[in-house]
Amino acid sequence: MLSALLALCLLGGGMATTALVWADYRDSRAEALSRARHQARLFEEMVGRALDEADAALRRSAALVAKTADDDARRRGVQAILGETPVLAALSLYDPHGRAQGAAGRALSDPAGQGWFAAALDGLTMQVGAAMPAVDKDGAVVPVARALRRGDGTVLAVAVVGIAVDRLTVPADEEAQPPPFLSLFRSDGGVVLAPSQLSRAGDVPAMRSHLLDRALPNGGSGTFVLADAERSIFAAYRAVAGRELVAVAGLDGRRALKPWRGRTVATLTTAFLVLVSLAALALLLAREMRREREVSAALAQANRELSRSNADLEQFAYVASHDLKEPLRNIASYVQLLQRRYQGRLDEDADAFIGYTVDGVRRLQMIIDELLVYSRIGTGRLTRGVVQTGGVLSVALANLKTAIAEAGAAVEVKGPLPVVTGDAGQLSSVFQNLIGNGLKYRRDDVRPELTVWAEDDGAFWRFGVADNGIGIDPQYHRQIFELFKRLHGRDRYTGSGIGLAVCQRVVERHGGEIWVESRPGQGATFRFTLPKE
């Protein structure tokens, strides 16, 4: 049974760990794609703005060429246009054969023979070429060309601007860790910009193939994952509005999932430790189960011995109530006879000795009677039933009627008292002892006043018995419930010090607790609880 339980725990723990790791991977993957999507949007916006500025510069160049044929004037005009467009690193004018007619900024490679240059000569739209290094090695540029034509369609010149690649960046994103790499493709699959991160021979063709065959046919934006045995890329793409271009932002999967791998190691380590702990716990549990069986056997034997001991205790109670009390009655009778017959006929010491003996025998009889009561409360069975606590209080007050009258006391019961389940006789003894103490420990100059009430305390009823007596020092609040504990001499207050111990035993056997709140000279309030059910 225990082995099956251990196997089930290990299986459940393994499945839970797997589910947790997989859910974390799924969330981490979704987060990486979300970051890539955000970066692709920013990159697409940046490319769109750069192309708009390039288009504006090309149109201004067309106006310049149409205005003047002077090379110096064109060169100055080109420099002015370039200076007003920060995103551009170069602006050049070429004749239809690729010969430069005016240039500003970085020096571009010879455009003759370039596909984008030929497309610009043949078409009417702006053409974007693949990124290329500047001749002076001062960074790379993305060439953008447009043919400048006369009214009859013949080409006057070709204006070429170079968008600085280092300007095609997106704002820093604190969440984009690691930083993304950015790519730009033409919608026909031509590569405009491919970063150095895509350095493996198959990276760019794989990304281009995925875009053309799977991604772009499903819409102008989306995400995809390129993965093989060595590397994975989380990528997002967006078509550049109004252009035949697609902006792509990608994250290196190994670096993007590094936090997930760290959490996975921690999770697996924790799971391993937990499973090892479970195995160790199972071994301990098996050992404890064997020990429990041994203890159960020993406990059964102890219960049998306890039952025999309880029987012996009941027999002792019988002996104490009959056989032991009978000799005490005889001793008391003969001592009292000596007292009556020889009082005053012997010397004063003899009379005092006889008095001490009579008093001692009486106190011993009282202690035996109260010990018998205390023993029966602790060992006897509770006769449980529905108890009207107002009724048991009335019985207690009837038993104390003479003491109340002698003390001239007033006892007030506030509100109706609740119905509980318990032993009516034992609960009556609680009220009788508490009220009796309030009568006994009264102040000489104050009429005794006692109040009894009950209040709702959740699953319990809380009872209170308050008096205006001499009070109790807080340092004795726990000690007064001990057996035979007395705080005053017998010459002032009678009793054996067993009454509050009886109250505590009765209340605890009924599932409640009892305590006192008091200060010297301010009376005492005894509170005890009884379960509602």
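Asker: Hey, could you run me through the pattern of salt bridges in this one?
Answerer: Charged atoms that come close allow side chains of opposite charge to pair. Applying the stated criterion across every chain yields a total of 17 salt bridges. Among the salt bridges present, the one from Arg291 reaches Glu288, with a minimum N-O distance of 3.1 Å. Within this pair, Arg291 and its partner Glu288 are both found in helix H6 (residues 258-342), separated by 3 residues, close to a single helical turn. On the basis of relative accessibility, which here comes to 38%, the residue Glu288 falls in the partly exposed class. Between Glu517 and Arg527 there is a salt bridge whose closest N-O contact spans 3.1 Å. Placement of Glu517 in strand E17 (residues 514-518) and of Arg527 in strand E18 (residues 524-531) is noted, with a sequence separation of 10 residues between them. Residue classification places Glu517 among the partly exposed residues on the basis of a relative accessible area of 37%. Judged by relative accessible area, which is 15%, Arg527 ranks as buried.

Asker: What exactly am I supposed to notice about the sheet that holds E18 here?
Answerer: Strands pair in a sheet through their backbones, by hydrogen bonds, and they do so in one of two ways: parallel or antiparallel. The strand order E13-E15-E16-E18-E17 describes an open sheet built from 5 strands, whose pairing is mixed. The outermost strands of the open sheet, each flanked by one partner alone, are strand E13 (410-413) and E17. Strand-to-strand twist in this sheet, taken as the mean axis angle between neighbours without regard to direction, amounts to 20°. As paired strands, strand E16 (residues 460-467) and E18 are joined by 8 bridges and run antiparallel to one another. Bridge pairing in E18 places Trp461 opposite Leu530.

Asker: How should a nonpolar patch on the surface be read in this particular structure?
Answerer: Together, Phe272, Leu273 and Val276 make up an exposed nonpolar region whose accessible area comes to about 300 Å². Relative to the helices and strands, Leu273 is located in helix H6.

Asker: Before we go on, may I ask you to explain a positive patch on the surface in this structure?
Answerer: Together, Arg254, Arg255, Lys258 and Arg261 line one region of the surface with positive charge. Every element with two or more residues in the positive patch is listed here: helix H5 (253-256) and H6.

Asker: Could you clarify how one ought to interpret the nonpolar core in this entry?
Answerer: Membership of the largest hydrophobic core comes to 42 residues, with the highest contact counts inside it found for Phe43, Leu88, Val144, Val161, Ile163, Leu168 and Leu184. Elements represented by at least two residues in this core include exactly helix H1 (2-67), helix H2 (71-83), strand E1 (88-94), strand E5 (140-149), strand E6 (155-164), strand E7 (181-186), strand E8 (191-193) and strand E11 (245-252). Once residues lying within four places of it in the same chain are set aside, the contact partners of Ile163 are Ala50, Leu51, Ala54, Val87, Leu88, Ala140, Val141, Val142, Val144 and Leu168. One finds Ala409, Leu427, Ile498 and Val506 within the second-largest nonpolar core, a separate group that totals 36 residues.

Asker: How should I be thinking about the packing of helix H8 (residues 389-399) against helix H10 (residues 424-440) in this particular structure?
Answerer: Each pair of packed helices can be summarised by the angle the axes make with each other and by the distance between the axes. The interhelical angle for the contact between H8 and H10, taken along N-to-C directions, is 55°, at an axis separation of 8 Å. Taken together, the axis directions place H8 and H10 in an arrangement best described as oblique. Where H8 crosses over H10, the handedness of that crossing is right-handed. Residues Thr389, Val392, Leu393, Val395, Ala396, Leu397 and Asn399 of H8 lie in contact with H10, whose contacting residues are Ala424, Ser428, Phe431, Gln432 and Ile435.

Asker: Hey, could you run me through the environment of Pro259 in this one?
Answerer: Checked against the element boundaries, Pro259 lands in helix H6. Along the chain, Pro259 and Ser28 lie 231 residues apart, while their C-alpha atoms are 8.5 Å from each other.

Thresholds, definitions, all that
Residues numbered from 1 in each chain as written. Predicted model: local features only at pLDDT ≥ 70, side-chain atom pairs only at ≥ 80, totals over all residues. Heavy atoms only, no water. Salt bridge = Lys/Arg side-chain N within 4 Å of Asp/Glu carboxyl O. Helix = DSSP H or I, 4+ residues; strand = E, 2+ residues; numbered from the N terminus. Buried < 20%, exposed > 50% of the residue type's maximum accessible area, 1.4 Å probe, protein only. Pairing = 2+ DSSP bridges. Axes fitted to C-alpha atoms, helices over the stretch in contact; angles between N-to-C directions. Patch = residues over 30% accessible without salt bridge, like charges linked within 9 Å, V, L, I, M, F, W, Y side chains within 5 Å. Areas by Shrake-Rupley, 256 points an atom, 1.4 Å probe, with all protein chains shown as cover. Lys, Arg positive; Asp, Glu negative; His and termini not counted. Charge placed at Lys NZ, Arg CZ, Asp CG, Glu CD. Core = buried A, V, L, I, M, F, W, Y, C linked by side-chain atoms within 4.5 Å. Contact = heavy atoms within 4.5 Å. Parallel < 35°, antiparallel > 145°, perpendicular 65-115°, else oblique. Left-handed = near helix turned anticlockwise from the far one by under 90°.

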